[in-house]
Amino acid sequence: METLVHILNGFTVAMQPVNLWYTFLGVLMGTIIGVLPGIGPSAGIALLIPITYGMNPTSALIMMAGIYYGAKYGGSTTAILIRTPGEAASVMTSIDGYEMAKKGRAGAALAVSAIGSFIAGTIGVIGLTLFAVPLTSIALKFGPAEYFTLMLFAMTAVSTLTGQSPAKGVLATVLGLIIATIGIDLQSGQARYTMGIPEFQDGVGFVVVVVGLFAMAEVFRGLEDIYRGTGAKAMKITGKLWLTREEWRRSIGPIWRGGIIGFVIGVLPGAGGTIASIMSYTTEKRMSKHPEEFGHGAIEGVAGPEAANNSDTAGALVPLLTLGIPGGGATAVMLGAFIMYGVQPGPMLFQNNPQLVWGLINSMYIGNIMLVILNLPLIGLFVRLLYIPQGILYPLIVTISAIGAYAINGSVVDLWLILFFGIVGYVFDKIDIPVAPLVLSLVLGGIMEQSFRQAMTISGGDLKIFYGSAITVTLLVMSVISVALPFIIPRLRALGSKGDES
Amino acid sequence: MTDRIILACTLLLAGVYFWATTKIPSLELGDPLGPKAFPRMLIAGLLIAAVMLLLEILRDNKRKIEEGSTAVKWRWEPHQWVVPAVAAWTGIYMVVFEALGYMLATAIYLLVLTAFFNRGRWLMNVLTSVLFTAISYFAFTKLLGVNLARGIIPF
């Protein structure tokens, strides 16, 4: 009953004019960021942190969440019209969406992604509303040892599930943790790994790392593409921005299934929007009576994945809000933003600051309505963004990144850091080292070390505390499985195929 | 080949990090673990990553031998100077950022990059570089209260 009151109060918070304004700003920026190749939601949110410093946390977080789920709407526009995902998770949309555009059905493809995103986004927020409270009651039982093992599981899952090579994922995770150890150790007051640079005493800020790895690295890749002449050209919107009865009939099933797949994948750590949309695509292809149409402009191949990657964002907020543990790169940046505003997500937040949590969650219902308006009747405006010459766009992204980095401390060291991490991000992309695990472990590193040391202090230095409760044992077993799985599955497959032959 | 270089770098990093960890002075008061314990676990993490990499390298080698594919030799191609050059130019921008000030440094930086990557459209490039710089400077410093280096321009 009390929860119901909190949820209803959350609507009052979300409907306040100032918060409606920030919801609108957030989803508008999200759509723009999603449409523009080169700057994704992670870098967009990170760049806003220093600029919005001192704002009311509820409004600031409502705006940042708006960017996070708004970018998924915008990303599909770019995928359909230029066959480049404006946002990583739209990669599946670029297959059949672009084929539909080539056949003169760009309008229908854009319409089905906007409507599918809206339905699935709302399914996701309903799921978030329903699952948040039961999960917080479990999370309240968590002590430092449980948190440590939970973070371990989140990191192992992310490191082995993103990218091609589990080894490189683990390497990226450890690199993030190593960067997190730079600076003054809060418990002992000792400076660690500062290399004599005074700015490093406060640690390497995650904002500069995220801006470097995501925005600057993308600038390098983009400028290289322009030089090679491999940059893409945008198609014109053709056909009515609506669906025929037949298209509608074919889309509704994939939207519902995609919405549910996306939410479930979103809640689990590691997988994320890209995997959610791939799973939805393969599910639809398998269920379809005409699988041969996939890849040649099947509307199901747009509706399902777009729905999946939108409900995924709401799902991904479940562990972030209830446990305080993000399951991927973008939610890790969101956690960083929460901490910057002095808000610690987790079960206590639902008790101590229900207005913030429910205001934020309920703003997402409103944000999704705003997004469907921005992305259907007003889509023509955003498509114009695609005609901005990329040779101008990328240099401007460097400047915006520089403003964001310099605004943190007014220090040139932060500028050097975004350049350094930009080069690192570019090189890592070339050699297939995923950066999302690095960002996740960088944000979680400090908290992880704290909970490890607290647990050891409680147990008097006895490691038994990490396998003393059912929760920690379960989480440890799940961590081991997530590391071992990529090695076991190929063997099982090999055995299976041998079995088939014999 | 790349994977072997990554493996070597991982081992090198583990060594350097181990050495840097020994340099942390520790006073173990009230904290049974001290500031070195977690970093030691991370060294173990690096070594685990190294072993996993080695296993992957061996697995790939085996597959290559089975499939009989030959490694693609790395070759210098003309587009490969783009990123070093842009990085160097961005580095210069950052060096002069405070001395020249945001406006002057940014306008010059943008002019040169757009002149190269958006070739031939002079008017558009000059207008974007100058207007974007001026508008962003005043929006951030005057409206949002963000401090940007003023440099040699007096406002």
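In every chain, residue numbers begin from 1 and rise along the written sequence. Each chain gets a letter, beginning with A, and each ligand a number, beginning with 1, in the order they are written. Only residues with pLDDT of at least 70 get local features here, since the model is predicted, and only at 80 or more are side-chain atom pairs given and counted; chain-wide, interface and lining totals rely on the full set of residues.

Caption draft 1: Fine view of the overall build of chain B. A tally of regular secondary structure across chain B gives five helices and zero strands. Secondary structure elements are defined from DSSP: runs of H or I of at least 4 residues count as helices, runs of E of at least 2 residues count as strands, and each element is numbered from the N terminus. The order of helices and strands in chain B, counted from the N terminus, is α-α-α-α-α. Taking the principal axes of its C-alpha atoms as reference, chain B extends roughly 60 × 60 × 20 Å.

Caption draft 2: Focus on the interface of chain B and chain A. On the side of chain A, 46 residues touch chain B, which itself brings 48 residues to the contact. With 10 residues, the single largest contributor to the side of chain B that touches chain A is helix α2 (residues 37–67) of chain B. Charged residues are taken to be Asp, Glu, Lys and Arg, nonpolar residues to be Ala, Val, Leu, Ile, Met, Phe, Trp, Tyr, Cys and Pro, and polar residues to be all remaining types, Gly included. Split by residue class, the side of chain B that touches chain A holds 31 nonpolar, 14 polar and three charged. Once C-beta atoms are placed from the backbone, any two residues with those atoms within 7 Å are in contact.

Caption draft 3: Structural detail: the confidence of the model for chain B. Summary of the metric used: pLDDT quantifies the predictor's per-residue confidence within the range 0 to 100. Per-residue pLDDT for chain B has a mean of 87; in total, 90% of the residues score no lower than 70. We note a pTM of 0.90 for the whole complex and an ipTM of 0.93 for its interfaces.

Caption draft 4: View of helix α17 (residues 390–409) of chain A. Residues and elements named next belong to chain A. Between the first and last residue of a helix there are one fewer steps than residues, each counted as 1.5 Å, and that sum is the expected span. Taking 1.5 Å of rise per residue, 20 residues should cover 28 Å, and α17 covers 30 Å from first to last C-alpha, within 8% of that figure. In this scheme every C-beta is placed from the backbone, and a residue whose C-beta has 20 or more other C-beta atoms within 10 Å is buried, one with 12 or fewer is exposed, and one in between is partly exposed. With 16 of its 20 residues buried, α17 lies for the most part within the structure. At the C-terminal side of α17, G410 shows a positive phi close to 65°.

Caption draft 5: View of the packing of helix α8 (residues 166–180) of chain A against helix α19 (residues 436–459) of chain A. Residue and element names in this part refer to chain A. Axis definition: a line fit to C-alpha positions, over the contact stretch in the case of helices; interaxial angles, taken between N-to-C directions, run 0 to 180 degrees. Axis separation between α8 and α19 bottoms out at 7 Å; the angle between their running directions is 35°. You can see that α8 and α19 cross each other, and the crossing is right-handed. Residues G169, A172, T173, L175, G176, L177, I179 and A180 of α8 touch α19, and the partners they reach there are P437, L438, V439, L440, S441, L442, G445 and G446. Of the residues belonging to the contact of α8 with α19, the class tally is 10 nonpolar, six polar and no charged. Left-handed describes a crossing in which the near helix is turned anticlockwise from the far one by less than a right angle; the clockwise case is right-handed.

Caption draft 6: Structural detail: the domain arrangement of chain B. Each domain's limits were defined by an automated method or a database of domain assignments. The assigned domain composition of chain B is domain 1 (2–67) and domain 2 (80–143). Averaged C-alpha coordinates put domain 1 of chain B and domain 2 of chain B at centres separated by 40 Å.

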